[in-house]
Amino acid sequence: MPPITKLVPEETVFFLCDVQTRFKNAIFGFDELVLTISKMLKIAKVLEIPVVVTEQNPKGLGNTIPDIDLPSLGPLLLATIEKGLFSMVTPEVKALLHERPQIKSVVIFGIESHVCVLQSALDFIEAGYNVHVLADGVSSCNKEEIPFALARIRQSGGYITTSESAAFQLQRDAGVPGFKSFSNVIKEEKDNTVRTLQKLLQYRAVL
């Protein structure tokens, strides 16, 4: 039986992959994708989970879409990294993680599922990290690509989950002082969560 891997806040970093302005009209379910990402950034603030953002060739593809409120993260935003690699595992990211040896898990959301998300997941797995990819937090231009990318990640040892499931794993306990803030986010995002699940998970039965 393979070892059980759980998400622990103190050992986790969120990775936001390449959700940039030029992709807005090309990506399937882009608006719903942004809703999931915004929810996860709220969770990051409540649970004090650091976030790393990457941007693929921002001179050509633009910066992270302004609907995603990165400044609100404050010091939790470890870095916004420009890259040419499709993978997020750049030298800069390796250095950030090397400085934080307590990190065991990465949670990935962004685009595109079959290119940058997939290659990032494989590289993180190869580097020894527990990789959790949000099924309602990734997409591609061609929606048909998505379930096969997620299946490939799972075949390689990654974990496919949903944003709310990952959030509750990280929260762990309803009896701790911060639970009310966490619960408020879940309640505030309830309708958006339903919308994103219905839009982004409808083509993923291959999982």
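This write-up is about the structure you can find in this document.

## Concerning the overall build of the protein
Across its full length, the protein carries eight helices and six strands. In terms of overall size, the protein behaves like a compact globule, its C-alpha atoms giving a radius of gyration of 16 Å where 207 residues would be expected to give roughly 17 Å. Across its three principal axes, the protein shows a C-alpha extent of roughly 45 × 40 × 40 Å. Residues counted as buried form 51% of the 207 residues belonging to the protein. Nonlocal contacts in the protein, meaning residues at least 24 apart in sequence, comprise 84% of its contacts between residues at least 6 apart.

## Points about the packing of helix H1 (residues 30-47) against helix H6 (residues 163-171)
Interhelical geometry of H1 versus H6 gives an angle of 5 degrees and a closest axis separation of 11 Å. When the interaxial angle is binned, H1 and H6 end up roughly parallel. Counted together, Thr36, Lys39, Met40, Ile43 and Leu47 of H1 and Ser163, Glu164, Ala167, Leu170 and Gln171 of H6 form the full contact between these two elements.

## What to know about the packing of aromatic side chains
Scanning the entire structure with this criterion turns up five aromatic pairs. Centre to centre, the rings of Phe14 and Phe109 are 5.7 Å apart; their planes meet at 75 degrees, and the pair counts as edge-to-face. On the criterion of sequence distance, the pair formed by Phe14 in strand S1 (residues 12-17) and Phe109 in strand S4 (residues 105-111) is long-range, its members being 95 residues apart. Note on Phe109: relative accessible area 0%, which makes it buried. Ring centres of Phe168 and Phe182 lie 5.0 Å apart, and the angle between their planes is 85 degrees; this geometry places the pair in the edge-to-face category. With a gap of 14 residues between them, Phe168 in helix H6 and Phe182 in helix H7 (residues 179-188) connect regions that are remote in the sequence. Phe182 sits in the buried class, given a relative accessible area of 0%. Taken together, the ring pairs in this structure connect Phe15, Phe124 and Tyr129 into an aromatic cluster.

## Remarks on the pattern of salt bridges
Pairing between side chains of opposite charge can happen when the charged atoms of each approach one another. The final tally for this structure, using the stated rule, is eight salt bridges. Measuring nitrogen to oxygen at the nearest pair gives 3.4 Å for the salt bridge that ties Arg100 to Glu99. A salt bridge links Lys143 to Glu144, with the shortest nitrogen-to-oxygen separation between them at 3.5 Å. For Lys143, a relative accessible area of 22% gives the class partly exposed.

## Structural notes on H6
Along H6, the residues that are buried comprise Ser163, Ala166, Ala167, Leu170 and Gln171. Seen from one end, H6 has its buried residues packed into an arc of 135 degrees, which puts them on one side. Looking at the buried residues of H6, the elements they touch are S1, H1, strand S5 (130-139), strand S6 (159-161) and H7. Just downstream of H6 lies Arg172, where phi reads positive at about 70 degrees.

## Digging into the nonpolar core
Within the largest apolar cluster, 33 residues are counted, with the highest numbers of intra-cluster contacts made by Phe14, Leu16, Val19, Ile37, Ile68 and Phe109. Secondary-structure elements contributing two or more residues to this core are S1, H1, strand S2 (51-56), S4, H6 and H7. Per-element tally for this core: the top contributor is H1, with nine residues. Filtering out sequence-adjacent residues up to four positions away, Leu16 remains in contact with Ile37, Val52, Val53, Thr54, Thr64, Ile68, Leu70, Met88 and Phe109. Counting 31 residues, the second-largest nonpolar core is a separate cluster that includes Ile81, Val93, Val117 and Val133.

## Comments concerning the side chain of Glu189
Within the secondary structure, Glu189 sits in the loop between H7 and helix H8 (190-200). Accessibility expressed as a relative area gives 5% for Glu189, which makes it buried. Those residues in contact with Glu189 that sit more than four places away from it in its chain are Leu35, Lys39 and Lys42.

Rules of the game
- Residues numbered from 1 in each chain as written.
- Predicted model: local features only at pLDDT ≥ 70, side-chain atom pairs only at ≥ 80, totals over all residues.
- Heavy atoms only, no water.
- Helix = DSSP H or I, 4+ residues; strand = E, 2+ residues; numbered from the N terminus.
- Rg over C-alpha atoms; globule rule 2.2 N^0.38 Å.
- Buried < 20%, exposed > 50% of the residue type's maximum accessible area, 1.4 Å probe, protein only.
- Contact = heavy atoms within 4.5 Å.
- Axes fitted to C-alpha atoms, helices over the stretch in contact; angles between N-to-C directions.
- Parallel < 35°, antiparallel > 145°, perpendicular 65-115°, else oblique.
- Phe/Tyr/Trp six-rings, centres within 6.5 Å; stacked < 30°, edge-to-face > 60°.
- Salt bridge = Lys/Arg side-chain N within 4 Å of Asp/Glu carboxyl O.
- Arc of directions from axis to C-beta.
- Core = buried A, V, L, I, M, F, W, Y, C linked by side-chain atoms within 4.5 Å.

Shape is all these values report; function is a separate question.
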